[in-house]
Amino acid sequence: MAELQLADIIKPENKVYGKSKIMTDTPLHYCYGCSHGVVHKLIAEVIEELDIQEETVGVAPVGCSVMMYNYIDIDWMEAAHGRAPAVATGYKRVNPKKYVFSYQGDGDLAAIGTAETMHAVNRGENIVMIFINNATYGMTGGQMAPTTMVGQVTSTSPYGRNVDINGYPLRITELLAMLPGAAYVTRQSVHTPANVRKCKKAIRKAFENSAKNIGTSFIEVVSTCNSGWKIDPVAANQWMEENMFPFYPLGDLKDGERDSFEQFSVQKLKK
Amino acid sequence: MAKVRGAVVVDQECCKGCNLCVVACPENVLGLHKEVNSKGYHYSHMVSPENCIGCMNCGMVCPDSCITVYRVKVPVEQD
Ligand SMILES: Cc1ncc(C[n+]2csc(CCOP(=O)(O)OP(=O)(O)O)c2C)c(N)n1
Ligand code: SF4
Ligand code: SF4
Ligand code: SF4
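Scoring rules and cut-offs
Residues numbered from 1 in each chain as written. Chains lettered and ligands numbered in written order. Predicted model: local features only at pLDDT ≥ 70, side-chain atom pairs only at ≥ 80, totals over all residues. Heavy atoms only, no water. Helix = DSSP H or I, 4+ residues; strand = E, 2+ residues; numbered from the N terminus. Buried < 20%, exposed > 50% of the residue type's maximum accessible area, 1.4 Å probe, protein only. Contact = heavy atoms within 4.5 Å. Areas by Shrake-Rupley, 256 points an atom, 1.4 Å probe, with all protein chains shown as cover. Lys, Arg positive; Asp, Glu negative; His and termini not counted. Charge placed at Lys NZ, Arg CZ, Asp CG, Glu CD. Polar contact = N/O pair within 3.5 Å; in protein donor to acceptor, adjacent residues only side chain to side chain. Salt bridge = Lys/Arg side-chain N within 4 Å of Asp/Glu carboxyl O. Near = heavy atom within 4 Å. Nonpolar A, V, L, I, M, F, W, Y, C, P; charged D, E, K, R; others polar.

> Would you mind showing me how to read the overall build of chain B here?
Summing up its helical and strand segments, chain B has 2 helices and 4 strands in all. Going residue by residue from the N terminus, the α and β elements of chain B occur as β-α-β-β-α-β. Looking at chain B as a whole, 53% of its 79 residues qualify as buried. For chain B, long-range pairs separated by at least 24 residues make up 62% of all intrachain contacts whose partners lie at least 6 apart in sequence. Accessible surface, chain B as shown: approximately 4,000 Å² in total, 50% of it carbon and sulfur. Here chain B contributes 7 positive and 8 negative side-chain charges, whose respective centroids are spaced 4 Å apart.

Written out as structure tokens, the structure is:
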């Protein structure tokens, strides 16, 4: 057989991977190598595979992903800083047949929005919550976040995070996994092809869960913010692996459905 | 017996030159071009196209969905 030319390979029938049809043509505004782009694409791929474009509603946060509605071609709502799970709750309760997800950074989800986060999961809302933990406030210029590592230099911790002054990094995903309303709580990353595949599976499972009314599905994605960290994207992935994974280990924390509280159900008070 | 050959097409205007696809490629197919696109990014391209196996690793890690991957099975004649 004659040597295969590129033109023989690059044909529509040989295509095995490409941009999801649910992604719009708008170029992403993110910095080069930003994890947000990978997670957006995985959400779009899952929506495409489950064929739920018309039934899916996203709630965008305040943070770098504030304009997420420009990129995934579904219905969207924009929430005030930290309030995405509350807005998602309202939408889902009024439209229980819809697939509703919130998408938030660590500043949004684990600082200003801690109350909304905890209570949405504790109520066992049938929503998907996606949490991008890049250990910093990306949008506002790389300030310290609740999830910033001990010793990590940020623009507001120039000598490194000091627990005596700044307190400890918050493992909010571990806290949420303890709540009875949680169905599925997992921590993923998207820095290697294998991790991208695993993260996509997790997102798919979360969306499938939300149709089954079994409680909240929560996915943390340990992520990079190379601009905020002031290193290049490849070095950022390496820093994340070496410094964040020991404290934020990947894997499932809960996989099932919301707890049954029947054994704690009390008798009515007699008048 | 069949051998797998692949090829990728990078949307050079959408590429931001982050290098993540380059390091994710197990066959060292990709590299950043010395030319830049209209936004000033050194875009990714196939430096050694003959080595591509169409594994999709590059596409998976690309944050900007710039990469389309193609793959064919090439029959290998046996003696
Ligand atoms: C009520 C309110 N307080 C503060 C801000 C400023 N602000 C904008 S984005 C942001 C934090 C973003 O960090 P994160 O949620 O981690 O997302 P990232 O940008 O890293 O993706 C803050 C504090 C705001 N927009 N609104
Ligand atoms: S500032 Fe950080 S989180 Fe925001 S787009 Fe840039 S790399 Fe991504
Ligand atoms: S498909 Fe695989 S072998 Fe081909 S360029 Fe991409 S990563 Fe490399
Ligand atoms: S991963 Fe995507 S954006 Fe980054 S260099 Fe490769 S093609 Fe360009």
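> Help me out: how do you make sense of the environment of A:Asp252 in this one?
All names here are of chain A. Mapped onto the elements of the fold, Asp252 is located in strand S8 (residues 251-255). You can call Asp252 partly exposed: its relative accessible area is 46%. Taking the C-alpha atoms as reference points, Asp252 and Ala177, 75 residues apart in sequence, are found 9.4 Å from one another. The residues touching Asp252, leaving out its near neighbours within four places in the chain, are Tyr184, Val185, Thr186 and Gln188. A polar side-chain atom of Asp252 sits 2.6 Å from a polar atom in the side chain of Thr186.

> Could you clarify how one ought to interpret the pattern of salt bridges in this entry?
Where charged atoms from two side chains of opposite charge approach closely, those side chains can pair. Residue and element names in this part refer to chain A. Applying the stated criterion to the full structure yields 13 salt bridges over all chains. The residue Glu45 makes a salt bridge to Lys200 at a minimum N-O spacing of 3.1 Å. Placement of Glu45 in helix H2 (residues 35-50) and of Lys200 in helix H8 (residues 193-210) is noted, with a sequence separation of 155 residues between them. Comparing Glu45 with Lys200 shows no difference in burial state: the two are buried. Put simply, Glu45, Glu49, Lys200, Arg204 and Glu208 are held in one network by salt bridges that share partners.

> Can you help me understand the site of ligand 3 in this one?
Of all residues adjacent to ligand 3, which total 14 residues, the nearest are B:Cys25, B:Cys52, B:Cys55, B:Met56 and B:Cys58. By residue class, the composition of the shell around ligand 3 is 11 nonpolar, 2 polar and 1 charged.

Any link to function would need more than the numbers given here.
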